[in-house]
Amino acid sequence: MNFNSKEILSSSLILFSVIDILGSIPIIIELRKKNGDIHPGQATLASGIIMIGFFFAGKFILHLLGVDTNSFAMAGALIIFLIGMEMTLGRSIFKSEEIETNTHSIVPLAFPIIAGAGTMTTLISLKSQFEEENIIVSIFINLVFIYIVLRSSVWIEKKLGNAGTQILRKIFGVILIAIAIKIFKSRLM
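Residues numbered from 1 in each chain as written. Predicted model: local features only at pLDDT ≥ 70, side-chain atom pairs only at ≥ 80, totals over all residues. Heavy atoms only, no water.

With that out of the way, let us pick up the pattern of salt bridges. Summed over the entire model, instances satisfying the criterion amount to two salt bridges. Between Glu157 and Arg32 there is a salt bridge, with the nearest N and O atoms lying 2.0 Å from each other. Taken together, the positions of Glu157 in helix α8 (residues 153–188) and Arg32 in helix α2 (residues 25–35) put the pair 125 residues apart, joining distant regions of the chain. Comparing Glu157 with Arg32, the two get one shared label, buried. (Salt bridge = Lys/Arg side-chain N within 4 Å of Asp/Glu carboxyl O. Helix = DSSP H or I, 4+ residues; strand = E, 2+ residues; numbered from the N terminus. Buried < 20%, exposed > 50% of the residue type's maximum accessible area, 1.4 Å probe, protein only.)

Here we take up the environment of Pro108. Note on placement: Pro108 falls in helix α5 (residues 106–114). In sequence terms Pro108 and Ala73 are 35 residues apart; their C-alpha atoms lie 16 Å from each other. In contact with Pro108, other than residues within four places in its own chain, are Leu31, Ile83 and Ile113. (Contact = heavy atoms within 4.5 Å.)

What follows concerns the packing of aromatic side chains. As enumerated under the stated definition, the model contains two aromatic pairs in all. Between Phe16 and Phe145, the ring centres sit 5.2 Å apart and the planes meet at 65°, which makes this aromatic pair edge-to-face. Here Phe145 lies in helix α7 (residues 132–151) and Phe16 lies in helix α1 (residues 5–19), a separation of 129 residues in the sequence. Note on Phe16: relative accessible area 31%, which makes it partly exposed. Plain terms: the ring middles of Phe55 and Phe56 are 5.0 Å apart, the flat faces sit at 75° to each other, and that makes the pair edge-to-face. Residue classification places Phe55 among the buried positions, given a relative accessible area of 2%. Note that Lys127 overlies the ring of Phe55, its terminal NZ or CZ placed 4.8 Å from the centroid. (Phe/Tyr/Trp six-rings, centres within 6.5 Å; stacked < 30°, edge-to-face > 60°. Lys NZ or Arg CZ within 6 Å of the ring centre and 35° of its normal.)

This paragraph deals with the environment of Leu62. Note on placement: Leu62 falls in helix α3 (residues 40–65). In this structure the C-alpha to C-alpha distance between Leu62 and Phe72, which are 10 residues apart in sequence, comes to 8.1 Å. Ignoring any residue separated from it by four or fewer positions in sequence, one finds Leu62 in contact with Phe54, Val67, Thr69 and Phe72.

Note: α-helices contain 3.6 residues per turn, so residues at a spacing of three or four share the same orientation. The end-to-end C-alpha distance of α7, which contains 20 residues, comes to 29 Å, matching closely the 28 Å that a straight helix rising 1.5 Å per residue would cover. Buried-residue contacts for α7 involve α1, α2, α3, α5, α6 (117–126) and α8. (Expected span 1.5 Å × (residues − 1).)

Next up, the structure:
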């Protein structure tokens, strides 16, 4: 194993910016309001399994399904776009299902918010730049930070208050729409 702190730092920062867990705080608060309690450990574990699984088998899975990376990224962008529309317009696009298994911690939180198409395509591209063991360490560093943010979401919401949460929700809704459009544009060119 050849651990390199520079590679770990670089890949951690790249993943951190793509995952954007801080930018997802309004979404996390909205999901908690809509579906009741979220489970930080369950969501973090599911995100980690998705990221590590896709890191090792992503290209093979997409190839097996006959889906190219661009199409996968665009599908993820569409979901991000719709979530942004929900946040901005205050309308429900995704039907809230009454499920007893607490899957709302996994869908849409773990996937596609945390471990979405952007994260997955980034993981595939990181493999061409950095050693695998350094990318795995950076995934775990990001998972720790994700857990802390998810665990603190109630505290963060209390600090923001209802008005602050609503303002943040609208702002980040527009930002999510912009991110989705950016993904579409980059994949079309």
